[in-house]
Amino acid sequence: MAICRSGLFHLLVTLVLSNTIATSNANVEGDALFALRRAVKDPQGVLQSWDPTLVDPCTWFHVTCDADNRVTRLDLGNGKLSGNLVPELGKLERLQYLELYMNNLAGQIPKELGQLKSLVSLDLYHNNLTGPIPPSLSRLSNLKFLDVSNNDLCGTIPTAGSFSKFSEESFMNNPRLEGPELMGFVRYDVGDCK
């Protein structure tokens, strides 16, 4: 009987711990998404379902999750959102698709997006983003698609890592963005690129 109780106890502990870890991941990801929610204006109410009291952000509109309830896709293109991107987005460890095109997002691209090791597609075109492209993004080895065109980015286009495979269409209509013709070997004078 003691052996059965011991086995049952270990099973119960394992279940509680795995549920705690899953809830913890959901809370971290929910907190990261809600940080974005607080940082943007949402005149069309596309983020209305983003309720921080719900433990699981997988129930929110425009959020897709995997079988482990981890966020894999964020679809907020053409949502008329304005405001800034937040560094907390870098906590979405399994995010594969970040679709924020055709909004009115301003400010810099957070360097923390370089922590999104699973990211396959980053769509930030047609916004009001400024500043340099963070070099940390060139470490995203799974990144297959990038579009930051039609913003006001500045500085030199990175050419290392995944950036070596993107065409100039990915960067068009950023009048203060330089390169990639120098292939990153010479730094441009970016002056007041902020």
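- If you check an unreviewed UniProt entry, the protein appears there as LRRNT 2 domain-containing protein from Citrus sinensis.

**A word on the sheet that holds strand S8 (residues 128-131)**
Where strands meet in a sheet, backbone hydrogen bonds hold them as pairs that are either parallel or antiparallel.
Thinking step 1. Here we have 6 strands laid out as an open sheet, ordered S1-S4-S6-S8-S10-S11, and mixed in their pairing. Whereas interior strands pair on both sides, the edge strands pair on one side only; in this sheet they are strand S1 (40-41) and strand S11 (176-178).
Thinking step 2. Where S1 and strand S4 (residues 82-84) come together, 2 bridges link them in antiparallel fashion. Residue pairing for S4: lysine 41 is matched across the bridge by serine 82.

**Side note on the nonpolar core**
Thinking step 1. With 41 residues, the main nonpolar core has Leu33, Trp50, Leu74, Leu89 and Phe171 as its most contacted residues.
Thinking step 2. Those elements that provide at least two residues to this core are helix H1 (2-39) and strand S3 (71-75).
Thinking step 3. Here the element with the most residues in this core is H1; it accounts for 4 residues.
Thinking step 4. For tryptophan 50, the residues in contact, after removing those within four places along its chain, are Leu33, Phe34, Leu36, Arg37, Trp60, Phe61, Val63, Leu74 and Leu76.

**A few points about the pattern of salt bridges**
Thinking step 1. For the structure shown, the criterion picks out 7 salt bridges.
Thinking step 2. The closest approach of N and O atoms between arginine 70 and glutamate 29, which form a salt bridge, is 3.1 Å. Of this pair, arginine 70 sits in the loop between strand S2 (63-65) and S3 while glutamate 29 sits in helix H1, and the two are 41 residues apart along the sequence. In this pair, the class of arginine 70 matches that of glutamate 29, namely buried.

**Observations regarding unusual backbone geometry**
Thinking step 1. The phi angle at lysine 80 is positive, at roughly 60°, despite the residue not being glycine.
Thinking step 2. Assignment of secondary structure puts lysine 80 in the loop between S3 and S4.

How each quantity is defined
Residues numbered from 1 in each chain as written. Predicted model: local features only at pLDDT ≥ 70, side-chain atom pairs only at ≥ 80, totals over all residues. Heavy atoms only, no water. Pairing = 2+ DSSP bridges. Helix = DSSP H or I, 4+ residues; strand = E, 2+ residues; numbered from the N terminus. Core = buried A, V, L, I, M, F, W, Y, C linked by side-chain atoms within 4.5 Å. Buried < 20%, exposed > 50% of the residue type's maximum accessible area, 1.4 Å probe, protein only. Contact = heavy atoms within 4.5 Å. Salt bridge = Lys/Arg side-chain N within 4 Å of Asp/Glu carboxyl O.

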